[in-house]
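# Fold and contact review
Given next are the chains, with one letter for each unit.
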Amino acid sequence: MRIAVIGGGPAGLYFAILMKRDFPAARITVVERNRADDTFGFGVVFSDATLDIFQAADEPSYRAITESFAYWDDIEIHAKGSVHRIGGNGFCGCSRRTLLLLLQERARGLGVELEYRREAKPEDFPDADLIVAADGINSPIRERWRDHFRPEVDLRPNRFAWMGSTRPFDAFTFFFRERPEGIFIAHCYQYEQGASTWVLETDPETFARAGLEHMTEEESARYLEGVFAEDLQGHKLLINRSNWRRFPAIKCASWVKDNIVLLGDAKASAHFSIGSGTKLAMEDAIALHQAFRAGGDVTTCLARFESARREDVEKIQHAADVSLVWFEHVKRFWHFDPTQFAFGVMTRSKAITWDNLALRAPEFVAETQTLFAREARAKGLKADDAKPPMFQPFALRGMQLANRVVVSPMDMYSAEDGLPNDFHFQHYTSRALGGAGLVFTEMTCTSPEARITPGCTGMWNDEQEAAWKRIVDFVHARSATKICLQLGHAGRKGATKLMWEGIDQPLETGGWPIISASPIPYFTQSQTPREMTRADMDAVREEFVAATRRAIAAAFDMVELHCAHGYLLASFLSPLTNIRIDEYGGSVANRLRFPLEVFNAIRAVWPADKPMSVRISATDWKDGGLTDEDCLAIARAFAAAGADLIDVSTGQTVHDAEPVYGRMFQVPWSDMIRNEAGIASMCVGNITTADQVNTILGAGRADLVALARPHLTNPFFTMQAAAQYGVRDVACPPQYRWGKDALLRNEARNQADLRDLRIKARPKSHAPATAELPRAAE
């Protein structure tokens, strides 16, 4: 083979090493525009898990790296006059320049041709079977064929600069410093004797107030020495092209064009806050090498590489994106107790959670747990230091919940003429018996015309009220669970098929006229709704009030107003579905007018000692839709009107939205509303484990956590989670008590076995001549 690698960074060099080692007859040339010993930045970071991968890929280069690194096991967080040190992490720092020189030496020893100070283009290698474009984050090759690779570049708002220092560290260290200008962050680690990396970061408002935009590199370094004077301990900040930048989050729809493949930052970037840029690049090289090891022609191997590697890259990018968003909004959490703030730092990317922190840093998790209980007691609740956050009580007005676990509203589409039947009775009561603190009904419609489908439940006649009361009475008599009625109107998404027959697709027969804020159909084939008149608004408002009065008679503990997912009230809130030119359209204040009117009418008849919540779509996942500012304005308006909780969902407003899914993917909007709008929030969305529930609550990102799909298959999710954490006093019917006792006994053994397995499965420590400490598997 003839292989040309354009770009002599870690990705290109490492791929060349692996290919030349295993295909010695191949002619491989690496061409780099800079000099061999040029490098910008200071150090790079690898975890123990990454070092395991490097060792398996190429032992000689692994040994060279590990003989030249600084190793640490702890993360240290300095914030608000407090220091938290969390062990069991296992990272090393290595000079970027040293890494490049080591890889160059290994490549030369294998016979790779290295050329420096030369600009190269693919046409310079007409005889090449394979051209690897490892030409960096500003890749000229990617940009030349932009229409083919289709890169998306999201230029993030925070400003950052890479600097260095001679201050030593024995831990990866975060410094958070508050000044009159704002909050400054330093991400610091030692990478060799007497040398450490300092990545300085701040938000755009603080950057502007500090005047950093107009400073030279030298001036900004001196300014930041003042900000971090205590942390530098007399050492200076060093510069090396330490210009202030905004991080470009890059994704490409395609990585391959003919015999050209993008590698490393050229195809995908990952934010420095999880130390993953060089890791991503070198693991790309390993994956591309493995694709060729598997055999076949170049086209086959490149297709194999892209299909096999894309999911892993997207996972790393997702973790990096979540982490960078946390740092962009650090002001949101600044009012937290230092312990909770530190817990948020540790769990920001979702890679580290409550359970694996409990394994690697039990004292820190115990401190977080005690703080959570103490804050609950400060609100007059009977909290217990021995319980994790999900099993601490919570109160909204006169309603007290035994725990923070919620059965999310889930449409069952199983009613006839809006009447709940035996299926609904079994569905709701079994989940209440399972121990959840709060159970929500599905969206229950206020009139026949308000239904989404013919199978939706209703609350517009006596028979429905009696059926709901039967369910509520059982829940109250047989469990400690509270139950909330979610009321809604389908609007333009009404008169559609049952979910399993074609979600959101219009009924072919038996439909009914639908209304909305504006006459915009959901799909082109959907029925076009009639734009609501003032008379329609009056009628709908009174239907909600009548349904609320029936909720009182049925003895529900709580009522929720559904203003999400593109249904009627949501269609007023979103500019994508509200194009009215009267007082109900235009500004967010106008778009709020009718939903607030409905809420106020309900609140006026709903008992003052009972809480109300509002479900909103915090983003439409579509350009031109709801902004974060709109979302906060909506939450604040409902809070001012008497809402006690915002139930935070997203999307489903328009059919061509582009949501970005992932574990706990809606949590950032929950913590925005909770910590900026100042109202309790409930999060939902791909939350599947008790570990995730505790992580979200412990980090102050929600007050309640709703789970949907896990409760569909396991009504006793909460009771099983209680056994997992050794919580014995979760509510249980006396008929099931023997099963609960057995569950507690068995789960104690299971958790001990699981802990042993996690310790055995952890990446080995690569610290030179040190005893290994128990760490969670990464």
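This report concerns the structure included in the present document.

What counts as what
- Residues numbered from 1 in each chain as written.
- Predicted model: local features only at pLDDT ≥ 70, side-chain atom pairs only at ≥ 80, totals over all residues.
- Heavy atoms only, no water.
- Helix = DSSP H or I, 4+ residues; strand = E, 2+ residues; numbered from the N terminus.
- Rg over C-alpha atoms; globule rule 2.2 N^0.38 Å.
- Buried < 20%, exposed > 50% of the residue type's maximum accessible area, 1.4 Å probe, protein only.
- Contact = heavy atoms within 4.5 Å.
- Lys, Arg positive; Asp, Glu negative; His and termini not counted.
- Charge placed at Lys NZ, Arg CZ, Asp CG, Glu CD.
- Pairing = 2+ DSSP bridges.
- Axes fitted to C-alpha atoms, helices over the stretch in contact; angles between N-to-C directions.
- Phe/Tyr/Trp six-rings, centres within 6.5 Å; stacked < 30°, edge-to-face > 60°.
- Core = buried A, V, L, I, M, F, W, Y, C linked by side-chain atoms within 4.5 Å.
- Right-handed = clockwise from strand over helix to strand, strands pointing away.
- Salt bridge = Lys/Arg side-chain N within 4 Å of Asp/Glu carboxyl O.

## Some thoughts on the overall build of the chain
Helices and strands together make up the secondary structure of the chain, namely 26 helices and 30 strands. Its C-alpha atoms give the chain a radius of gyration of 29 Å, within 12% of the compact-globule value 28 Å for 778 residues. Its C-alpha atoms give the chain principal-axis dimensions of roughly 85 × 55 × 55 Å. Burial analysis of the chain (778 residues in total) assigns 61% to the buried set. Sequence separation of 24 or more characterises 71% of the internal contacts of the chain that already satisfy a separation of 6 or more. Counting 89 positive and 101 negative side-chain charges, the chain places the centres of these two groups 2 Å from one another.

## Here's the deal with helix 3 (residues 59-66)
Along an α-helix, residues three or four apart share an orientation, since each turn contains 3.6 residues. Buried residues of helix 3: Ser 61, Tyr 62, Ala 64, Ile 65 and Thr 66, and no others. Against the buried residues of helix 3 lie helix 1 (10-22), helix 2 (48-57), helix 4 (96-110) and helix 10 (277-293).

## Let's talk about the sheet that holds strand 3 (residues 43-47)
In spatial order, the strands read 3-7-4; together these 3 strands make up an open sheet with antiparallel pairing. Of all strands in the sheet, those with a lone pairing partner are strand 3 and strand 4 (70-72), marking the two edges. Between one strand and the next, the sheet's axes are offset by a mean angle of 25°, whatever the strand orientation. In this sheet, strand 7 (residues 91-95) lies alongside strand 4 in antiparallel orientation, the contact comprising 3 bridges. From the neighbouring strand, Trp 72 faces strand 7, where its bridge partner is Phe 91. Sitting on the sheet, helix 2 is in contact with strand 3, strand 4 and strand 7, with an inclination near 85° to strand 3.

## As for the packing of aromatic side chains
Inspection of every chain in the model, using the stated rule, returns 40 aromatic pairs. Ring geometry for Tyr 14 and Phe 54: centres 5.8 Å apart, planes at 65°, overall edge-to-face. Linking Tyr 14 in helix 1 with Phe 54 in helix 2, this pair joins segments that are 40 residues apart in sequence. Tyr 14 gets classed as buried once you look at its relative accessible area, which sits at 0%. Grouped by ring-pair contacts, the aromatic residues Trp 72, Phe 91, Phe 172, Phe 174, Phe 176, Tyr 189, Trp 326, Phe 327, Phe 333, Trp 334, Phe 336 and Phe 341 constitute a single cluster.

## Some thoughts on the sheet that holds strand 1 (residues 2-6)
Strand order across the open sheet formed by 6 strands is 8-2-1-9-17-16, with mixed pairing between neighbours. Looking along the sheet, the strands with just one partner apiece sit at the ends: strand 8 (113-116) and strand 16 (256-257). Here strand 1 runs beside strand 9 (residues 130-133); their pairing, made up of 4 bridges, is parallel. Within strand 9, the position partnered with Val 5 by the bridge is Val 132. On the sheet, helix 1 packs against strand 1, strand 2 (27-32), strand 8 and strand 9 and is oriented at approximately 170° with respect to strand 2. Contacts between helix 11 (residues 298-328) and the sheet are confined to strand 9, strand 16 and strand 17 (260-262), with strand 17 contributing the most and set at about 15° to the helix.

## Focus on the nonpolar core
Formed by 126 residues in total, the largest nonpolar core has its most connected members in Phe 176, Phe 341, Met 390, Phe 556 and Phe 638. Setting aside chain neighbours within four positions, we find Phe 176 in contact with Ile 77, His 78, Ala 79, Phe 184, Ile 185, Trp 326, Phe 327, Val 330, Trp 334, Phe 341 and Val 345. With 72 residues, the next largest nonpolar core counts Ala 16, Phe 54, Ala 120 and Met 282 among its residues.

## Observations concerning unusual backbone geometry
Even without being glycine, Lys 350 reaches a positive phi, approximately 75°. The residue Lys 350 is located in the loop between helix 12 (338-347) and helix 13 (354-360) in this model. Looking at Lys 350, the relative accessible area reads 6%, which means it is buried.

## So, the environment of Ala 731
Along the chain, the position of Ala 731 falls in the loop between helix 25 (717-724) and helix 26 (737-761). Excluding residues within four positions of it along the chain, Ala 731 makes contact with Leu 433, Gly 435, Ala 480 and Met 719.

## Thoughts on the pairing of strand 29 (residues 680-683)
Side chains Ala 680 and Met 682 project from strand 29 onto one buried face, and the interleaved Ser 681 and Cys 683 project onto a second face that is buried too. Bridge count between strand 28 (residues 645-649) and strand 29: 4 bridges; the pairing is parallel. Note that in strand 29 the partner of Leu 645 across the bridge is Ala 680. Handedness of the crossover is the feature at issue here: the chain leaves strand 28, passes through helix 22 (residues 667-677), returns alongside strand 29, and the resulting connection is right-handed.

## So, the pattern of salt bridges
For the structure shown, the criterion picks out 55 salt bridges. In this structure, Arg 27 and Glu 113 form a salt bridge, with 3.0 Å as the shortest nitrogen-oxygen distance. You can see Arg 27 sitting in strand 2 and its partner Glu 113 sitting in strand 8, a full 86 residues away along the chain. Residue class for Glu 113 comes out partly exposed when judged on its relative accessible area of 30%. Note that Glu 230 is salt-bridged to Arg 177, the shortest N-O span being 3.6 Å. Of the two residues, Glu 230 sits in helix 9 (residues 229-232) while Arg 177 sits in strand 11 (residues 172-179), which places them 53 residues apart along the sequence. The class for Glu 230 is exposed, based on a relative accessible area of 59%. Residues joined by salt bridges that share partners form a network here, namely Arg 21, Asp 22, Asp 58, Arg 106 and Arg 293.

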